[in-house]
Amino acid sequence: MEGVNLRKRSSVRPLQELTKKKSTDSEDRRSALYRFTSAGKLILTTNLWYNAIPTRNCDVLVIFPEKIDDYDVMWIYNRITKRAPHLEVTVRRHANIPVYAFYITTTFEHLLQGAEDLNMRKRLKQSHGGGWKEFNVAEAKMFSNIENPKEFFTARERQTIVYKMVQEIRAEHGDSVGRLILMEGESIVPKCLSKGIIKQVLPLHSNPDLKKLEKDWVQTFLRPQPLDEINSYFGVKIAMYFAWLGFYTRSLIIPACIGVMFYFFDTGDALSQVVFAIFNIIWGTVFLEAWKRKSQEYAYRFGTLDLPNNLVKEPRPLYRGDYQPSPVTGRLEPHYPAWKRRLIYCITIPIILICISVVFAVMLLCFKLQEHVNKHAPKWTVHFPKLLLALSVSVMDDIYKKIAIRLNDWENYRLEETHENHLILKMILFQFVNSFLSLFYIAFYLQDFQRLKQQLVALLIVRQIVGNIKEALVPYVMQKIKLYQMSKKMEKIEQQLLEKSNKGRDENELEDKTMLTQAEVECQMKQYEDTLEDYAEMFIQFGYVILFSSAFPLAGLCALFNNIVEIRSDAFKLCSSFQRPFSQNVRGIGEWQFALETLGSIGIIVNCGLLALSGIFQKIYPEITPVGVVLVTVILEHLIFAIKILVQEAIPDVPEWIETELAKLEYRRRTAYTEAQLAKVQTTNSIVANDNPTSNTPEEVETSL
């Protein structure tokens, strides 16, 4: 114990010295002191974030827990500065939130090298063909705006490069911090983050750009979304989600209008119900194929249409295994045998099945409660079990998500994309059963279509209300509470400062405590996890529309109204309540495209089954037998599948104009490359000619031959 205590004491002094070496800006100090001392009790929590001192020279912020051992902080600092000397690390201890923080940045020259290592795509100058190309330091002069170091990289790109550099700091043999023993080659910062030794790693917001986004995006309902600005600030993955959500919302206008007409002007004609069901299926197919085509346009627009192959991608920072030379790059990388993952499947699959069984049990209990309420309870309580079931669906979704994340981490996938796809698969499987099992049970077992309609309405409305409250309202309120507490603390400090100023004492004595920084405010915000939950919510909603809207034609209208609000509420939470996420590049919406297409195929079977059970075929042809109903259902199903396949084949995935533009860019690049090579040859020849003035000219050589 004495050795440990001695070690702690010896680490305190250097760490305190490091925190004193912080960069300050006198102008920022004076303006901040003016803001806080002049605002008095009028400091509002809404403006506290924007009034905080901007944190400069920081691309990645690393926050430690409050009770972290000083030695652990110093150990991580030493590893970062010694193994990545190109990173500039400033250590600070926040005054209002007593935690240590690393402010990490790097120089422009190292950013260039980092961009090359990341295969970051940048725009070429028009003289070199234009378009997007993977950055290369040797060809830096070919890229647009390279002459301006302050503007060549956006803040998002700087954060991505520095974050990658931080992730690349690897442990060596014998490294350990706290109780964590690091394996040789493990990424230190992500591993410490997963074990709680580091609390957060985040990029900071850019308040001027954020205010512009709020004005052009959050506060406008009727104008198109500024997708290029969203991409520039948040990255391609988030921009692609909002592009898809906007496209889906616009596409809902047609089924919403048709559903309203069918609901209010239905004459009871059985044939119209068949037509409406078929229309929904065809609409879903056209929507998905149109989006597949549109996503290629967005990928071209964002510069991610031709991302590198998975074989040359780096493994996830938390991917674990025995280190072996990579067959592609030759560098040491962790290797995890597939047979170990198959053994883990033997545990994860039963756990998933148990979770699904719990869903079935909860559904049956709610149905039993419904029967009891119908017989013995007052009439005003008749909808209580339906609402209870809808609420239980949302609660079980949240619980299962945590289980799915743990199981997915345990399965240990090499690539981030593969890791995410398997998590999506687990989420889809459970949420599909959780959200639709009760509807399938009512429709195909109880065959109660009035009850099906009521349950669908309850699920639609409750999920939309609960989803918006959970995603936007709760984080916003929690953030306001934290900011209010911080503002009250600032008032007390301000009062102390005024008292000391009246006594003629130096204001610098309380300077640290009165200087509320942007980093201090943002580290109190909730972390934005991913687009996973947002896509899952829309996946379930699309299922309600495509599977059961023949039972409730207004499902499309409810989805349309919800999505109009959803776009702005999602934008609001990103711009107001959440930390800025690190950007990610994607080609499209990934596995969600396959999931939605699968849902569309299931929708054909479900709608045909609903038509068969509803007695519509008997109304059209009263003398039809049960066997005839089955035959008609099968024929109708095959007919719709044939139409679906024809629609898919008729709409090409990649627009012709994109193929033409790509061909033009490739031609211009090759032409520019050829001209550059010729210029180099001519320059070399002229240098050689100047060095050897007596050498023969080409004509003389030819004559002599």
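Criteria and cut-off values
- Along every chain, residues carry numbers that run from 1 in the direction the sequence is written.
- Selection of residues for local features in this predicted model requires a pLDDT of at least 70, selection of side-chain atom pairs for listing and counting requires 80 or more, and totals for whole chains, interfaces and linings are taken over all residues.
- With hydrogens and water stripped out, all remaining heavy atoms of the structure feed into the side-chain values.
- Counting from the N terminus, the helices are DSSP H or I runs at least four residues long and the strands are E runs at least two residues long.
- Think of it in three bands: residues with accessible area under 20% of the maximum for their type are buried, residues over 50% are exposed, and the middle band is partly exposed, with areas taken using a 1.4 Å probe on protein chains only.
- For Phe, Tyr and Trp, rings pair up if their centres lie within 6.5 Å, where Trp contributes its six-membered ring, and each pair is then called stacked (planes under 30 degrees apart), edge-to-face (over 60) or tilted (otherwise).
- Only buried residues count toward a nonpolar core, which is a set of Ala, Val, Leu, Ile, Met, Phe, Trp, Tyr and Cys residues joined through side-chain atoms within 4.5 Å.
- In this analysis, two residues are considered to be in contact whenever any of their non-hydrogen atoms come within 4.5 Å of each other.
- The length a helix should cover is 1.5 Å for every residue beyond the first.
- Polar contacts here mean pairs of N or O atoms no more than 3.5 Å apart (in protein, one a potential hydrogen donor and the other a potential acceptor; neighbouring residues in sequence count only if both atoms are side-chain atoms).
- Excluding any residue in a salt bridge, patches collect residues exceeding 30% relative accessible area, merging like charges within 9 Å and nonpolar Val, Leu, Ile, Met, Phe, Trp and Tyr side chains within 5 Å.
- Only the protein chains shown count as covering a residue, and every accessible area follows the Shrake-Rupley method with a 1.4 Å probe.
- Put simply, a salt bridge is a Lys or Arg side-chain nitrogen that is within 4 Å of an Asp or Glu carboxyl oxygen.
- The rule for pairing is simple: two strands pair if DSSP sees at least two bridges between them.
- Axis definition: a line fitted to C-alpha atoms, limited for helices to the stretch in contact. Angles are taken between N-to-C directions and run from 0 to 180 degrees.
- The score called pLDDT rates the predictor's confidence residue by residue, from a low of 0 to a high of 100.
- We call a crossing left-handed when the near helix sits turned anticlockwise from the far one by less than a right angle, and right-handed when that turn is clockwise.
- Under the convention adopted here, Pro, Cys and the residues Ala, Val, Leu, Ile, Met, Phe, Trp and Tyr are nonpolar, Asp, Glu, Lys and Arg are charged, and Gly plus all remaining residues are polar.

J.: Would you explain the environment of Gln-479 in this entry?
T.: Looking at the secondary structure, you find Gln-479 in helix H17 (residues 449–502). Under the relative-accessibility criterion, Gln-479 is labelled buried at 5%. Sequence spacing of Gln-479 and Ser-576 is 97 residues, and the spatial spacing of their C-alpha atoms is 8.9 Å.

J.: Would you take a moment to explain the packing of aromatic side chains for this structure?
T.: Centre distance and the angle of the planes are the two values used to describe a pair of aromatic rings. Within this structure, the stated rule accounts for 39 aromatic pairs. With a centroid separation of 4.8 Å and 75° between ring planes, the pair formed by Phe-152 and Phe-153 is classed as edge-to-face. Each member of the pair Phe-152 and Phe-153 is classed as buried. Here the aromatic rings of Tyr-263 and Phe-552 are separated by 6.4 Å at their centres, their planes lie at 85°, and the arrangement is edge-to-face.

J.: Would you mind going over the nonpolar core with me for this structure?
T.: Nonpolar side chains tend to gather and get buried jointly when the protein is soluble and globular. Trp-217, Phe-234, Trp-244, Tyr-248, Phe-542, Phe-548 and Trp-592 are the most contacted members of the largest nonpolar core, which totals 101 residues. The element best represented in this core is helix H20 (residues 532–548), accounting for twelve residues. Dropping the residues within four chain positions of it, Trp-592 is found in contact with Ile-424, Ile-428, Leu-532, Tyr-535, Ala-536 and Phe-539. Counting 45 residues, the second largest nonpolar core, distinct from the first, contains Ala-84, Met-120, Val-166 and Val-201.

J.: Explain helix H4 (residues 70–83) to me, please; I cannot follow it from the model alone.
T.: For the α-helix, the turn length of 3.6 residues means that residues three or four positions removed from each other point alike. For H4, with 14 residues, the first-to-last C-alpha span of 20 Å sits near the 20 Å given by 1.5 Å per residue. Buried within H4 we find Asp-70, Asp-72, Val-73, Met-74, Trp-75, Ile-76, Tyr-77 and Ile-80. Among the residues of H4, the N-terminal cap falls to Asp-69, whose side-chain oxygen and the backbone nitrogen of Tyr-71 are separated by 3.0 Å.

J.: Explanation requested: a nonpolar patch on the surface in the structure shown.
T.: Residues Ile-461, Ile-465, Ile-469, Leu-473, Val-474, Val-477, Met-478 and Ile-481 make up a contiguous nonpolar surface patch of roughly 660 Å² in combined accessible area. Of note, Ile-465 is situated in helix H17.

J.: Quick question: what am I supposed to make of the pairing of strand E1 (residues 60–63) here?
T.: Within a regular strand, side chains alternate between the sheet's two faces. Burial along E1 is two-sided: Val-60 and Val-62 facing one way and Leu-61 and Ile-63 facing the other are all buried. As defined by bridge partners, E1 adjoins strand E3 (residues 100–106) across four bridges and the pair is classed as antiparallel. Residue pairing for E3: Ile-63 is matched across the bridge by Ala-101. Here E1 runs beside strand E8 (residues 200–202); their pairing, made up of three bridges, is antiparallel. Bridge pairing in E8 links Ile-63 to Gln-200.

J.: Is there a simple way to explain the sheet that holds E8 in this structure?
T.: Backbone-to-backbone hydrogen bonds pair the strands of a sheet. The strands run either parallel or antiparallel. Taken in spatial order, the four strands of this open sheet run E2-E3-E1-E8, and their pairing is antiparallel. The strands lining the two open edges of the sheet, one partner per strand, are strand E2 (87–93) and E8. Looking at each pair of strands side by side, their axes are set apart by 20° on average, direction ignored. Against the sheet, helix H7 (residues 155–167) touches E1, E2, E3 and E8, its axis set at about 110° to E3.

J.: Quick question: what am I supposed to make of the confidence of the model for the protein chain here?
T.: Any region with low pLDDT has predicted coordinates that should not be read closely. When pLDDT is averaged across the protein chain, the result is 81; 82% of the residues are at 70 or more. Confidence, expressed as mean pLDDT per element, reaches its minimum in the protein chain at helix H2 (residues 26–39) with 40 and its maximum at helix H11 (residues 236–251) with 95.

J.: Is there a simple way to explain the pattern of salt bridges in this structure?
T.: Where side chains of opposite charge bring their charged atoms close, a pairing between them can arise. Tallying each qualifying case throughout the model produces 23 salt bridges. Salt-bridge contacts for Lys-573 lead to Asp-570; the nearest nitrogen and oxygen are separated by 3.5 Å. Taken together, the residues span about one helical turn, with Lys-573 and Asp-570 both in helix H21 (residues 555–576) at a distance of three residues. Asp-570 carries the same exposure label as Lys-573, and that label is buried. Residues joined in a network through salt bridges with shared partners are Arg-79, Arg-83, Glu-172 and Asp-175.

J.: Looking at this structure, how should I read the packing of helix H16 (residues 416–446) against H20?
T.: Each pair of packed helices can be summarised by the angle the axes make with each other and by the distance between the axes. Viewed as axis vectors pointing N to C, H16 and H20 meet at an angle of 35°, and their least axial separation amounts to 10 Å. The two elements H16 and H20 cross, and the hand of that crossing is right-handed. Along its contact with H16, which presents Leu-423, Ile-424, Met-427, Ile-428, Gln-431, Phe-432, Ser-435, Phe-436, Leu-439 and Phe-440, the element H20 presents Leu-532, Ala-536, Phe-539, Ile-540, Gly-543, Tyr-544, Leu-547 and Phe-548. Residue composition of the contact of H16 with H20, grouped by class: 15 nonpolar, three polar and no charged.

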